[in-house]
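# Fold and geometry: a report
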Amino acid sequence: MLGFLKKPLVVTVEINMNLVALTVMGLISRLWRLSYPRAVVFDEVYYGQFVSLYMKRIFFVDDSGPPFGHMLLALGGYLGGFDGNFLWNRIGAEYSMNVPVWSLRLLPALAGALCVPLAYQILVELQFSHCTALGAALLILLENSLITQSRFMLLESILIFFILLAVLSYLKFYNLQRHSSFSGSWWFWLFLTGVACSCAVGVKYMGLFTYILLLTIAGLHFWHMIGDQNLSNVALLCHFLARGLGLVVMPVAMYLSFFYVHLILLYRSGPHDQIMTSAFQASLEGGLARITQGQPLEVAYGSQITLRNVLGKPMQCWLHSHTNTYPIRYENGRGSSHQQQVTCYPFKDVNNWWIVKDPGMQQLVVSNPPRPVRHGHIVQLVHGITTRYLNTHDVAAPLSPHSQEVSCYIDYNISMPAQNLWRVEIVNRESDTDVWKTILSEVRFVHVNTSAVLKASGFLGASLPEWGYRQLEVVGEKLSKGYHQSMVWNVEEHRYGKSQEQKEREVELHSPTQMDISKNLSFMAKFTELQWKILTLKNEDTEHKYSSSALDWITMDTNIAYWLHPTSGAQIHLLGNVVTWASANIAALVYTCLSLWYLIRRRRKIYDIPEDAWRLWVSAGGICIGGWAVNYLPFFLMEKTLFLYHYLPALTFQVLLIPIVLQHLGNHLCRSLLLKSMFGALIVAWFSSVYLVYCTFSPVTYGEPSLSATELKDLRWKDSWNILIRKQ
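As annotated in an unreviewed UniProt entry, the protein chain carries the name Protein O-mannosyl-transferase 1 and comes from Cuculus canorus. According to its UniProt record, the protein chain has this under Subcellular location (unreviewed entry): "Endoplasmic reticulum membrane".

What follows is the structure in structure tokens.
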């Protein structure tokens, strides 16, 4: 029974020393003196703010992409014990002692280092030789731009890591398809493909391009499987469902989990939450939640409310009125009603309070029991401080002459009767009997007499002149002109009015509420709103000194100065290895021309290379040329400020193509021994030049040693490069 103990237990481990050596070299190149410079480098000033907010659990919205990349940077800060206390206001600012610089830069550096062995493994999985795979890895290792980008608290190296991991995982999964379908390793690489794709998209939306490429390749592979007569219908269905689970369901679930963790971590109110809806703000600790805690949920006749415009862009604002009236005549000569001004005011103020009145009754207090207002009910809105009624009529608005003026009615004893009845329409209702609810309900106010809708038009145009205190215009807009979010309002602050006398009511408007009603949003409601804000929120794109166009990237006609030492000539630039970039462009051109030549010849039934070599050539091009195209061409359609680092994911795919083309040329075009020897010598000379250029530009890659003005001038290989030289 214990006979197995007679033999020793033997464990055999295969170690690819190429892989080990590349990993070690990658770590050395990216981690060497990682804390230098101990100053804010370029976009660290941007990402560092989000790290500090994570450390303090303060909510924020970043329109540049999903939160996963920010969370990884924050993880570095957390592991280093960062407390979030640093003012990220200037590039070049020295870090205080409480900032763990090495820890904050660690994860991007590790990601950049691991890209080196990933490049090696990808070419091995593509069935190229180990020598070719080693060449690809060394090109990634010696690419100055990738080194620079991975040594700081930036996201591109993390993005490239997950992109390459997704490609490698899919290739391993596909190669296992031939002999190990539905094995443990087959499932592992399938799910890792989905996880890596989701992580790439979660770091930056640029990762979506590679995800779509892999989905397309997976679709083509499955299409070929359909034609395999050896597979039954049940087997095909199982393969389809497995791919759907691993490449669609898994990434979606992972993507949602990023936002779930993000929202769990950031539970405190902060400066960014003002662009969110009142319901979202009320779910955060502090801020609006502190103000609205204990408010009644259902709006009733007699309720005292503030009305916030749902649009919230470019700023939040509340329906507001004050004692001042519209001027009798505007600057352009048009007349007004000279009624009390109604505006949208971007600050909390006692003049933002309104009372919901039943047109059939005179009382301005809530009855017992309260009578809730429902969808379709007719109400009057009484301004809390001046007790004048919200009104609109057939008078042109001050800034929007095609819309109706909105005012609070003053009886001048002239032939202009009050028109102050409004129908409440709950936009997000579930039924036509829904009750108007605090924060949760999004409502439209439709004027009964004219069918105009209450709208904050100041979002779309200029603010009112000095007589309107530069506040935003509010108008009555005809429904026929279409729906817009600026027509929708929600109750933000709410109390049940108890005082009928005006003096007592003014005191009541300043007092806190008493009732306790919870308004917590579900995760999916928060996710939907936050995702929509990320996709639609647009910061004003301004021209940057180092911004560039996508056309500048191919030939590297631009650079970015990341850091300059305050006293010496030491500096760091985002500059690529000129030989590598030029070789990548040539390789792409050679691949395209050769592919067209082969296709034309194959059309004529002339086969220049074996069928296996042709399939290898096509699959490599699908990954490398396809990866370059999907990560580069979309930038021609983007209306945003672009920088050279946006090209790095596309460049990585293009660099992988160089040794592929070289192996193909050596195997199929250099047929004689002499040609092969000459070709090998040229490759050695070319690779030596790659290493020489890497060494030449390493002082501006790592920031040391400091160079003299003459040495810096010698590095300006192109007139368009902005190498910083101090005036003597």
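### Description of the overall build of the protein chain
If you tally the helices and strands in the protein chain, you get 20 helices and 14 strands. In terms of principal-axis extent, the alpha carbons of the protein chain reach across some 110 × 80 × 65 Å. Here the protein chain holds 728 residues, and 54% of them are scored as buried. Considering only contacts within the protein chain whose residues lie at least 6 apart along the sequence, 75% involve residues at least 24 apart. Side chains of the protein chain give 56 positive and 49 negative charges; the mean places of these two sets differ by 6 Å.

### Examining the nonpolar core
The biggest cluster of nonpolar side chains holds 162 residues, and the ones touching the most others in it are Phe 59, Trp 88, Phe 162, Ile 560 and Tyr 562. Sort the elements by how many residues they give to this core and helix α7 (residues 156-176) lands first, with 15 residues. Setting aside its immediate chain neighbours within four residues, Tyr 562 contacts Val 41, Phe 42, Ile 91, Thr 148, Gln 149, Phe 152, Leu 154, Ile 572, His 573, Leu 574 and Tyr 645. Judged by nonpolar contacts, the second largest core, of 28 residues, contains Leu 319, Val 342, Leu 381 and Val 443.

### Examining the pairing of strand β3 (residues 340-345)
For β3, the tally of buried residues reaches 5 of 6 residues, placing the bulk of the element in the interior. Summarising the sheet, strand β2 (residues 318-325) and β3 pair through 5 bridges and their orientation is antiparallel. Pairing of Thr 325 across the sheet is with Gln 340, part of β3. Alignment of β3 against strand β7 (residues 404-408), held across 2 bridges, turns out to be antiparallel. Pairing of Gln 340 across the sheet is with Cys 408, part of β7. Bridge count between β3 and strand β11 (residues 472-478): 2 bridges; the pairing is antiparallel. Within the sheet, the bridge partner assigned to Cys 344 lies in β11 and is Leu 472.

### Here's the deal with the side chain of Ser 303
Assignment of secondary structure puts Ser 303 in strand β1 (residues 303-309). Only 2.9 Å separates the side chain of Ser 303 from the backbone nitrogen of Ala 300, close enough to count as a polar contact. If near-sequence neighbours (up to four positions away) are discounted, Ser 303 is found in contact with Glu 298, Trp 354, Ile 355, Val 356, Val 366, His 494, Arg 495, Tyr 496 and Gly 497.

### Observations concerning the packing of aromatic side chains
Counted under the stated rule, the structure contains 49 aromatic pairs. Centre to centre, the rings of Phe 182 and Trp 187 are 6.0 Å apart; their planes meet at 55 degrees, and the pair counts as tilted. We classify Phe 182 as partly exposed; its relative accessible area is 34%. Ring geometry for Tyr 632 against Phe 636: centres 5.3 Å apart, planes inclined by 80 degrees, an arrangement best described as edge-to-face. Since its relative accessible area comes to 2%, Tyr 632 is described here as buried. One aromatic cluster in this structure is built from Tyr 170, Phe 173, Tyr 174, Phe 182, Trp 186, Trp 187 and Phe 191. Across the ring face of Tyr 36, the terminal group of Arg 33 is positioned such that the distance to the ring centre comes to 5.0 Å.

### A closer look at the pairing of β7
Burial within β7 is extensive, with 5 of its 5 residues counted as buried. Because side chains alternate across β7, one face comprises the buried residues Gln 404, Val 406 and Cys 408, and the other comprises Glu 405 and Ser 407, equally buried. By the bridge criterion, 4 bridges tie strand β6 (residues 390-396) to β7 in an arrangement that is antiparallel. In the sheet register, Thr 392 faces β7, and the bridge partner there is Val 406. Both β7 and β11 contribute to a ladder of 2 bridges, which runs antiparallel. Counterpart to Glu 405 in the pairing with β11 is Val 475.

### A few points about the pattern of salt bridges
Pairing between side chains of opposite charge can happen when the charged atoms of each approach one another. A full pass over the atoms with the stated rule returns 18 salt bridges. The closest approach of N and O atoms between Arg 444 and Glu 425, which form a salt bridge, is 2.8 Å. Linking Arg 444 in strand β9 (residues 443-447) with Glu 425 in strand β8 (residues 422-426), this pair joins segments that are 19 residues apart in sequence. Its relative accessible area of 15% is what places Glu 425 among the buried residues. A salt bridge links Arg 470 to Glu 466; the nearest nitrogen and oxygen atoms lie 3.3 Å apart. For Glu 466, a relative accessible area of 56% gives the class exposed. Salt bridges sharing common partners tie together Arg 308, Lys 348, Glu 492 and Glu 493.

### Things to note about the packing of helix α10 (residues 233-265) against helix α14 (residues 523-536)
At a closest axis distance of 10 Å, the pairing of α10 and α14 adopts a crossing angle of 100 degrees. The angle between the axes of α10 and α14 places the two elements in the roughly perpendicular class. Here α10 contributes Tyr 255, Leu 256, Phe 259, Tyr 260, His 262 and Leu 263 to the contact with α14, which in turn contributes Phe 523, Met 524, Lys 526, Phe 527, Leu 530, Gln 531 and Ile 534. Of the residues contributing to the contact of α10 with α14, the split by class is 10 nonpolar, 2 polar and 1 charged.

### A few points about unusual backbone geometry
At the junction of Tyr 36 and Pro 37, the peptide bond is cis and its omega measures out at -5 degrees in the coordinates. Looking at the secondary structure, you find Pro 37 in the loop between α1 (17-31) and α2 (44-55). Each neighbour pair has its own omega, and for Asn 368 with Pro 369 the value is 5 degrees, a cis peptide bond. When you line up the elements, Pro 369 lands in the loop between β4 (353-357) and β5 (378-383). Unlike most non-glycine residues, Lys 605 shows phi in positive territory, near 65 degrees. By the element assignment, Lys 605 lies in the loop between α16 (578-603) and α17 (611-632).

### Observations regarding the state of the cysteines
All chains considered together, the criterion is met by 1 disulfide. Residue Cys 317 pairs covalently with Cys 344 via a disulfide, S to S 2.0 Å. What sets the handedness of the Cys 317 and Cys 344 disulfide is the S-S torsion sign, and at about 80 degrees it is right-handed. Of the two residues, Cys 317 sits in the loop between β1 and β2 while Cys 344 sits in strand β3, which places them 27 residues apart along the sequence. For the pair Cys 317 and Cys 344, one class covers both residues: buried. Residue Cys 624 stays outside any disulfide, its sulfur separated by 14 Å from that of Cys 115, the closest cysteine. The exposure class assigned to Cys 624 is buried, which follows from its relative accessible area of 2%.

### Points about a nonpolar patch on the surface
Taken together, the side chains of Leu 9, Val 11, Val 13, Ile 15, Met 17, Val 20, Val 24, Ile 28 and Trp 32 make up a nonpolar region of the molecular surface, amounting to roughly 980 Å² of accessible area. Mapped onto the fold, Ile 28 is located in helix α1. Given the relative accessible area of 53%, Ile 28 is considered exposed.

How each quantity is defined
Residues numbered from 1 in each chain as written. Predicted model: local features only at pLDDT ≥ 70, side-chain atom pairs only at ≥ 80, totals over all residues. Heavy atoms only, no water. UniProt positions renumbered as here; feature names shortened; annotations may be inferred. Helix = DSSP H or I, 4+ residues; strand = E, 2+ residues; numbered from the N terminus. Buried < 20%, exposed > 50% of the residue type's maximum accessible area, 1.4 Å probe, protein only. Contact = heavy atoms within 4.5 Å. Lys, Arg positive; Asp, Glu negative; His and termini not counted. Charge placed at Lys NZ, Arg CZ, Asp CG, Glu CD. Core = buried A, V, L, I, M, F, W, Y, C linked by side-chain atoms within 4.5 Å. Pairing = 2+ DSSP bridges. Polar contact = N/O pair within 3.5 Å; in protein donor to acceptor, adjacent residues only side chain to side chain. Phe/Tyr/Trp six-rings, centres within 6.5 Å; stacked < 30°, edge-to-face > 60°. Lys NZ or Arg CZ within 6 Å of the ring centre and 35° of its normal. Salt bridge = Lys/Arg side-chain N within 4 Å of Asp/Glu carboxyl O. Axes fitted to C-alpha atoms, helices over the stretch in contact; angles between N-to-C directions. Parallel < 35°, antiparallel > 145°, perpendicular 65-115°, else oblique. Nonpolar A, V, L, I, M, F, W, Y, C, P; charged D, E, K, R; others polar. Disulfide = S-S within 2.5 Å. Patch = residues over 30% accessible without salt bridge, like charges linked within 9 Å, V, L, I, M, F, W, Y side chains within 5 Å. Areas by Shrake-Rupley, 256 points an atom, 1.4 Å probe, with all protein chains shown as cover.

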